Amino acid sequence: MSNDSVQPGGVALRDPFYGAPFAEAVRRFWRKYTVFTGRASRSEFWWWWITSFAIGLVLQLVPQAFSPNTPLLENSVGSYLFVLWAMATLIGSLALGARRLHDANLSGFWQFLHVLVGIGSLVLFVMFLLPSNARGTRFDL
């Protein structure tokens, strides 16, 4: 499917979908899994972030039901499932993060702040909350 095809909601895949509904935001994440160019709206980013967080939490907690004597979040099966989920979504999450930063007219390379555990992620959290900036169109190809 080409990037200029119109998706549900009347928005081309190449364009940010402002006010994207949950299902469309998740669908766009998978369709643009390796796309680091262009922009992503706040709704596209946050719907995916909430979804990914919830899935990771479920993967961590469901195995706990089968071994109740294990301390919470220390179940090895849950940990392996969580790591597999994180690895499976890593590239797509970085790509989506770059597109979200582009929409705020920032370089996707700001994501290297994740290396600074704690403070770097907090700074990025604030950056991901920034509103769209019309100058961010410079990242569109």
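Our subject is the structure listed above.
Let me sum up the structure you'll find in this document. (Residues numbered from 1 in each chain as written. Predicted model: local features only at pLDDT ≥ 70, side-chain atom pairs only at ≥ 80, totals over all residues. Heavy atoms only, no water.)

Attention now goes to the overall build of the protein chain. Along its length, the protein chain carries 4 helices and 0 strands. Counting from the amino terminus, the protein chain carries its helices and strands in the arrangement α-α-α-α. For the protein chain, the C-alpha atoms occupy an extent of roughly 55 × 35 × 20 Å along the three principal directions. In the protein chain, buried positions account for 40% of the 141 residues. (Helix = DSSP H or I, 4+ residues; strand = E, 2+ residues; numbered from the N terminus. Buried < 20%, exposed > 50% of the residue type's maximum accessible area, 1.4 Å probe, protein only.)

You can see Arg-39 is positioned in the loop between helix 1 (22-31) and helix 2 (42-66). Overall, Arg-39 belongs to the buried group, its relative accessible area being 10%. Polar contacts involving the side chain of Arg-39 include one to the side chain of Tyr-18, which spans 3.4 Å. Polar side-chain contacts of Arg-39 include one of 2.9 Å to the side chain of Asp-140. Beyond its immediate stretch of four places on either side in the chain, Arg-39 contacts Asp-15, Pro-16, Tyr-18, Lys-32, Arg-99, His-102, Asp-103, Gly-136, Thr-137 and Asp-140. (Polar contact = N/O pair within 3.5 Å; in protein donor to acceptor, adjacent residues only side chain to side chain. Contact = heavy atoms within 4.5 Å.)

Right, let's get into the layout of surface pockets. When its volume is computed, the largest pocket comes out at roughly 670 Å³. Lining the largest pocket are 21 residues; nearest its centre among them are Phe-45, Trp-49, Ser-52, Ser-93 and His-114. Breaking the lining of the largest pocket down by element, the ones donating at least two residues are helix 2, helix 3 (76-103) and helix 4 (119-129). When residues of the lining of the largest pocket are assigned to their parent elements, the largest contribution, 9 residues, is made by helix 3. Broken down by class, the residue content of the lining of the largest pocket amounts to 14 nonpolar, 7 polar and no charged. (1 Å grid on protein atoms, 1.4 Å probe; cavity = no way out; pocket = protein on both sides within 12 Å on 5 of 7 lines; lining within 4 Å. Points joined across faces, edges and corners; volume = space filled by probe spheres on them. Nonpolar A, V, L, I, M, F, W, Y, C, P; charged D, E, K, R; others polar.)

Before going further, it helps to examine helix 4. Each α-helix winds once per 3.6 residues, and so residues spaced three or four apart point in a common direction. Within helix 4 the residues assigned to the buried category are Gly-120, Leu-124, Met-127 and Phe-128. Looking straight down helix 4, one finds that the buried residues subtend no more than 95° of arc, so they occupy a single side. What points out from helix 4, more than 90 degrees from its buried face, is the exposed set Ile-119 and Leu-122. (Arc of directions from axis to C-beta.)

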